[in-house]
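# An overview of the molecular structure
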Amino acid sequence: MKRVPARFQWSIEMQLQCPFCGWRQVAEFRCRGVVAEFDPDTVSGVYLRVNRTDSSIEYWQHLNGCRSWLRIWRNPSSGEVLEIQALDSLVQAVNPE
Amino acid sequence: MRQPQQRYSGWSLAKAAWDGGSYWHRLWGATPLQDAYDVVVVGAGGHGLATAYHLARDHGIRRIAVLEKRLLGYGNVGRNTTIVRSNYLLPENHNFYEDSLRRWETLSHDLNFNVMYSPRGMVEMVDSDDGMNTLARQGNAMRLAGIDSELLDRKALARFVPEMDLERPRRFPIVGGLLQPRGGTVRHDAVAWGYARAAAALGVDIIEDCEVTDVRTAAGLATGVETSRGYVQAERIVFAVAGHTGAIGTMLGVPLPIETNLLQAMVTESVKPILNTVLVWLYDDAETYISQTDKGGLVIGGKLDGFASYNREAQWHRLAEVVEGAVAMLPQIAGLRLLRQWAGTCDMTMDGSPIMDRLGYDNVFVNGGWCYTGFKAIPASGAAFAQFVATGTAPDLIRHFGLKRFADGTLLDEAGTGPFPVEH
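Residues numbered from 1 in each chain as written. Chains lettered and ligands numbered in written order. Predicted model: local features only at pLDDT ≥ 70, side-chain atom pairs only at ≥ 80, totals over all residues. Heavy atoms only, no water.

### Quick notes on the pairing of strand β4 (residues 56-61) of chain A
All names here are of chain A. The condition is simple: Only protein chains enter the accessibility calculation, which uses a 1.4 Å probe; a residue is then buried when its area is under 20% of its type maximum, exposed when over 50%, and partly exposed in between. To qualify as a helix, a DSSP run of H or I must reach at least 4 residues; to qualify as a strand, a run of E must reach at least 2; elements of each kind are numbered from the N terminus. Strands qualify as paired when DSSP identifies two bridges or more between them.
Taking burial as the measure, the six residues of β4 include five buried ones, the bulk of the element. Sheet topology note: the strand β3 (residues 30-34)/β4 ladder contains four bridges and is antiparallel. Its bridge partner being in β4, Cys 31 is matched across the sheet by Trp 60. The pairing of β4 with strand β5 (residues 69-74) spans six bridges and is classified as antiparallel.

Structure follows, in structure tokens:
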């Protein structure tokens, strides 16, 4: 997994590297939820989360920017962003495989 | 070593003043960790300590340990904005929180420790007529349950909160509000200390710097916990770990309907009394609440940061938004400096209501999912959950907070937002 360079680490505001726009403040983005780990058609898929303190895969949208949907690998304990990918289409967001 | 419990009174104060302060004992002693307990409570925060206290006081369980990863009261019980209230729409919620509010009223006497309950009133304010309709419905639901609430129009609100200039033009005008006169604030640290002192006096071992890393099981039951200080045998295990409840579910192989988000709060420098109530302003898609501590600082809070996090590093843009809301509400505080800003990890459930249930095993209990409203629930939660742990049957007050509500669809979605961990 490619590491995002630790740029802007001094900043008090988290920054994310949009694949289209470059580094932007996190205020421009909105987290759209974690990637489902259960069958989305079941009760588990709707409600349950596998809460790992060291890794999290989420959908984000560059809402106040280019509005593209992104998939982000993060470490929720350290706050480190490991990888950011653009989603080809919304279909992928709903059903990643 | 345990010391005899001191009773605080005017007489003890005078006695301590006479002998220069050396009279005071420690609030709770540094007791050693034993090998086996009847009940091990994980997490020395408000809910954990209150549960341990009620287990010892009401149910006569003698061998209880409260294990804390870091320091007592270092988590959300020391990070909240100290507001207590029971203004909820759903009967399951307002009856529970009303029980809690009644316990707050007498808690200082019960614990013999001044928790500084201050019923200064709590006003929820909205920016639209739609919002007023929602508040009217909520207030009527409360009044039907015998809980005090008062719908304030603009004029009545101006009379109740003269500090706020309602004629001032705002982008989101303040139209009115719902007042709960018995709502108010409680000194949050005193709650942790008071419960710890009272529990320790009843023989509860409070062990700080002792992290639980795993649960040992045999024949379908939990037998004890692995900790950073070695194995501790336990007949029953209670998890009251706030923001890490979801991680506990993962540890036990039981995924929970929880996502941990950050909520930040801040306090200004101390000023003379300028605000004699708790103000909550719901405007547009945002929210700001503000109250003045007895020390004089204004405590301000807002909405969640908006994504999963465990590291308590809050985002700047949310802080800016909360401050904007506070200054729009009370422009006269714009010149104050912020002294401190901090964040707490909130275990957000998918319907915004707490989870009090067994977790995976018959003798493992979880008290969590309090979202960002766990502080005001502490007294009721401690008493009801202790009864659940001691008898094995959930009392009526908390029966509907079980995990099965997610499977059978009896959700307690107070905000009506659907299955998202965003709103309480």
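### Examining the pattern of salt bridges
Proximity of charged atoms lets side chains of opposite charge pair with each other. Residue and element names in this part refer to chain B. Our working rule: Just to be clear on terms, a salt bridge is a Lys or Arg side-chain nitrogen sitting within 4 Å of an Asp or Glu carboxyl oxygen.
Overall, the coordinates contain 20 salt bridges over all chains when judged by the stated rule. Among the salt bridges present, the one from Arg 57 reaches Asp 58, with a minimum N-O distance of 2.8 Å. Overall, the relative accessible area of 42% leaves Arg 57 in the partly exposed class. On the basis of relative accessible area, Asp 58 is assigned to the partly exposed category, the value being 36%. In this structure, Arg 182 and Glu 105 form a salt bridge, with 3.0 Å as the shortest nitrogen-oxygen distance. Pair noted here: Arg 182 is in the loop between β6 (176-180) and β7 (184-185) and Glu 105 is in helix α3 (residues 91-111), with a separation of 77 residues, a long-range link. Salt bridges linked by common partners bring Glu 98, Arg 102, Glu 105, Asp 148 and Arg 182 together as one network.

### Here we look at helix α9 (residues 378-391) of chain B
Residue and element names in this part refer to chain B. What counts is decided by this rule: Expected helix span is computed as 1.5 Å times (number of residues minus one).
For α9, spanning 14 residues, the distance from its first C-alpha to its last is 20 Å, which sits close to the expected 20 Å at 1.5 Å a residue. Summarising burial for α9: eleven of the 14 residues are buried, a large majority. Taken residue by residue, α9 has Ile 378, Pro 379, Ala 380, Ser 381, Gly 382, Ala 383, Ala 384, Phe 385, Ala 386, Phe 388 and Val 389 as its buried positions. Positive phi shows up at Gly 392, right after α9, with a value of about 85 degrees.

### Considering the sheet that holds β4 of chain A
All names here are of chain A. To keep things clear, this is the line we draw: To get an axis, fit a line to the C-alpha atoms, keeping to the stretch in contact for a helix; angles then go from 0 to 180 degrees between the N-to-C directions.
Spatially, the four strands line up as an open sheet ordered β3-β4-β5-β6, and their pairing is antiparallel. A single partner strand is all that each edge strand has here, and the edge strands are β3 and β6 (81-86). Each strand axis lies, on average, 30 degrees off the axis of its neighbour in the sheet, ignoring direction. The sheet contact formed by β5 and β6 spans five bridges and is antiparallel. Looking across to β6, one finds that Trp 73 is bridged to Glu 83.

### Let's talk about the packing of α3 of chain B against α9 of chain B
Residues and elements named next belong to chain B. Put simply, the rule reads: Orientation is classified from the angle alone, with under 35 degrees giving roughly parallel, over 145 giving roughly antiparallel, 65 to 115 giving roughly perpendicular, and any other angle giving oblique. In what follows, a contact means two residues having at least one pair of non-hydrogen atoms within 4.5 Å. Any residue that is not Ala, Val, Leu, Ile, Met, Phe, Trp, Tyr, Cys, Pro, Asp, Glu, Lys or Arg is counted as polar, Gly included; the first ten are nonpolar and the last four charged.
In the contact formed by α3 and α9, the axes pass within 7 Å of each other and the chain directions differ by 105 degrees. Regarding the angle of α3 to α9, the classification is roughly perpendicular. In this structure, α3 uses Phe 96, Asp 99, Ser 100, Arg 103 and Trp 104 to contact α9, whose residues at the interface are Ile 378, Pro 379, Ala 380, Ser 381 and Ala 383. Within the contact of α3 with α9, the residues separate by chemical class into six nonpolar, two polar and two charged.

### Brief notes about the packing of helix α2 (residues 46-58) of chain B against helix α6 (residues 188-201) of chain B
Residues and elements named next belong to chain B. Note the cut-off: Crossing chirality is assigned from the near helix's rotation relative to the far helix, an anticlockwise turn below a right angle marking it left-handed and a clockwise turn marking it right-handed.
One way to put it is that α2 packs onto α6 with a least axis distance of 9 Å and a crossing angle of 30 degrees. The angle between the axes of α2 and α6 places the two elements in the roughly parallel class. For the pair α2 and α6, the sense of crossing is left-handed. Residues Leu 49, Ala 50, Tyr 53 and His 54 of α2 form the contact with α6, whose participating residues are Ala 192, Tyr 195, Ala 196, Ala 198 and Ala 199. Here the residues of the contact of α2 with α6 are counted per class, giving eight nonpolar, one polar and no charged.

### A look at the packing of aromatic side chains
Residue and element names in this part refer to chain B. We count it as follows: Each Phe, Tyr or Trp ring (for Trp, its six-membered ring) is paired with any other whose centre lies within 6.5 Å, and the angle between the two planes then decides the class: stacked below 30 degrees, edge-to-face above 60, tilted in between. Whether a charge sits over a ring depends on NZ of Lys or CZ of Arg being within 6 Å of the ring centre and within 35 degrees of the ring normal.
Under the definition given, this model contains 16 aromatic pairs over all chains. Both rings, one in Phe 96 and one in Tyr 97, keep their centres 5.2 Å apart while their planes meet at 80 degrees; by these two values the pair is edge-to-face. The exposure class of Phe 96 is buried, given its relative accessible area of 0%. The interplanar angle of 85 degrees and the centroid separation of 5.2 Å between the aromatic rings of Phe 365 and Phe 388 together place this pair among those described as edge-to-face. Placement of Phe 365 in strand β18 (residues 361-368) and of Phe 388 in helix α9 is noted, with a sequence separation of 23 residues between them. In this structure an aromatic cluster arises from ring pairing among Tyr 88, Phe 96, Tyr 97, Trp 370 and Phe 401. Taking the ring centre of Tyr 8 as reference, the NZ or CZ of Arg 197 above it sits at 3.8 Å. When the ring centre of Tyr 97 is taken as reference, the NZ or CZ atom of Lys 376 above it lies at 5.0 Å.

It is worth stressing that arrangement in space is one thing and function is another; only the former is reported here.
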